[in-house]
Amino acid sequence: MNLPRISIVTPSFNQGKFLEETLRSVLEQNYPNLDYVVMDGGSNDNSVDIIRKYEGRLFSWVSEKDAGQYDAINRGFAKIDGEVMAWLNSDDKYTPWALSIVGEIFARFPQIEWLTSLFPLHWDAQGRGTWCRQINGYGRRAFYRGEYLPRPRAPASYFIQQESTFWRRSLWDRVGGKIDATLPLAGDFQLWAMFFKHADLYGVQTPLGGFRMHGDQKTGHRMDAYIEEALQVLSRHGGRPYTRAEALFRSRARRYLPNPVKRLLGLTDPFPTCAFAGGGWQTWTRYS
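The numbers attached to residues start from 1 for each chain and follow its sequence in the written order. Totals for whole chains, interfaces and linings use every residue, but because this is a predicted model, local features are given only for residues with pLDDT of at least 70 and side-chain atom pairs only at 80 or more, for both listing and counting. By convention in this description, side-chain values take in all heavy atoms of the structure and omit both hydrogens and water.

(A) The overall build of the protein chain, seen in detail. Helix and strand counts for the protein chain come out as eleven helices and 13 strands. Throughout, the radius of gyration refers to the C-alpha atoms, and the reference size of a globule is 2.2 Å times the residue count to the power 0.38. Taking 288 residues into account, the globule formula puts the C-alpha radius of gyration at 19 Å, and the protein chain, at 19 Å, falls close to it. Once the C-alpha set of the protein chain is aligned to its principal axes, its extents read approximately 60 × 45 × 35 Å. Think of it in three bands: residues with accessible area under 20% of the maximum for their type are buried, residues over 50% are exposed, and the middle band is partly exposed, with areas taken using a 1.4 Å probe on protein chains only. Residues classed as buried in the protein chain amount to 55% of the 288 residues present. Here the Shrake-Rupley method, with its probe set to 1.4 Å, supplies the accessible areas, and only the displayed protein chains count as covering residues. Total accessible area computed for the protein chain in this model is approximately 13,000 Å², and 49% of it derives from carbon and sulfur atoms. With 36 positive and 30 negative side-chain charges, the protein chain shows a separation of 9 Å between the mean positions of the two kinds. Here a helix means four or more residues in a row that DSSP labels H or I, a strand means two or more in a row labelled E, and each is numbered from the N terminus. Charged residues are defined here as Lys and Arg on the positive side and Asp and Glu on the negative side; His and the ends of the chain fall outside this count. By convention, charge coordinates are those of NZ in Lys, CZ in Arg, CG in Asp, or CD in Glu.

Okay, structure coming up:
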């Protein structure tokens, strides 16, 4: 099997405490067709020393002032041209099998244009997996109705975990080939909103990566601001979150109505899914 080239960018600024573990989570997978770029924003801690330790295994790296995380990611992706793309922040990690599974799935299923995990993980400050939950799936309609923005008194399952999401360069190019760097927080959500206009998101039934919970990350401190920014993004793309009345009706109807009636009323969503079964990866569509 000809595995696709995977291009990964890590933006970083003063994350020397976690950076080496992030780099190793990528490089020690020994994926045979990898371009890995580190974009450091001019750190004044030990980050550059850590990067230099691994520079022989990196495609490229810089340490210079940037205009923020998403500017660094855009400039990093401009350096590489792999068929499959992702970014991993400098305090997060992949699971040890992530790249081999992602490469195999993209090689085997040309219809899959972007992919994420149905088992998102959280790491703690020591890099231990401390939280994991199963997600039923991710659907286009559910996205535009706000079901992947957990917030008080609103129906939601879980965020589309950026640390576990990969996509084809062809999809990236179709949405303009960049993240909106004017957004301080929700650039990932903006990218998902554009992707969903062109392709279904497949969920794979294995953990691929995780978000490190250590208290210093900007989304951790500014989650309310992230949610507000993401809701504005949703509105710009024609989305409309369910009202509380709609959410209550859907919740009760999903619980008590038989499946044929729920489908007739539009209360179910198709979730493209990929799982290992019968000795190989298979795809199908499941319903909420």
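(B) Here's a closer look at the packing of helix 1 (residues 16-27) against helix 2 (residues 47-54). Where helix 1 contacts helix 2, the axes come no closer than 9 Å and their chain directions differ by 20 degrees. For the element pair helix 1 / helix 2, the angle class is roughly parallel. Two packed elements cross with a definite hand, and for helix 1 against helix 2 that hand is right-handed. Taking contact as the criterion, the partners of Gly16, Leu19, Glu20, Leu23, Arg24 and Leu27 in helix 1 are, on helix 2, Ser47, Ile50, Ile51, Lys53 and Tyr54. Three categories are distinguished: nonpolar for Ala, Val, Leu, Ile, Met, Phe, Trp, Tyr, Cys and Pro, charged for Asp, Glu, Lys and Arg, and polar for the others, with Gly belonging to the last. Classifying every residue of the contact of helix 1 with helix 2 gives six nonpolar, two polar and three charged. Helix axes are fitted only over the stretch in contact, all axes being lines through C-alpha atoms; the angle between N-to-C directions runs from 0 to 180 degrees. By definition in this entry, angles of less than 35 degrees are roughly parallel, angles greater than 145 are roughly antiparallel, angles of 65 to 115 are roughly perpendicular, and the rest are oblique. Here is the rule for handedness: rotate from the far helix to the near one, and if that takes an anticlockwise turn smaller than a right angle the crossing is left-handed, while a clockwise turn gives right-handed. It only takes one pair of heavy atoms within 4.5 Å for two residues to be counted as in contact.

(C) The arrangement of the nonpolar core in detail. Membership of the largest hydrophobic core comes to 46 residues, with the highest contact counts inside it found for Trp114, Phe143, Trp167 and Leu191. Element by element, the count of residues in this core is highest for helix 7 (residues 187-195), at six residues. Formed by 32 residues, the second largest nonpolar core is a distinct cluster that contains Val26, Leu27, Phe166 and Val204. Within this scheme, the nonpolar core is defined by two criteria: the residues are buried Ala, Val, Leu, Ile, Met, Phe, Trp, Tyr or Cys, and they are joined through side-chain atoms within 4.5 Å.

(D) Highlighting the side chain of Asp124. On the secondary structure map, Asp124 appears in the loop between strand 7 (121-123) and strand 8 (129-132). Excluding residues that lie within four positions of it along the chain, Asp124 makes contacts with Thr130, Arg212 and Met213.

(E) Focus on helix 9 (residues 223-236). Expected helix span is given by 1.5 Å per residue-to-residue step, counting one fewer step than there are residues. Across its 14 residues, helix 9 extends 20 Å between first and last C-alpha, which sits within 8% of the 20 Å expected from 1.5 Å per residue. Within the sequence span of helix 9, burial applies to Tyr226, Ile227, Glu229, Ala230, Val233 and Leu234. For helix 9, the angular spread of buried residues about the axis comes to 165 degrees, placing them on one side. Facing away from the buried side of helix 9 by over 90 degrees, the exposed positions are Asp224, Ser235 and Arg236. Positioned one or two residues after helix 9, Gly238 has a phi angle of 85 degrees, which is positive. Here the arc refers to the set of directions running from the helix axis out to each C-beta atom.

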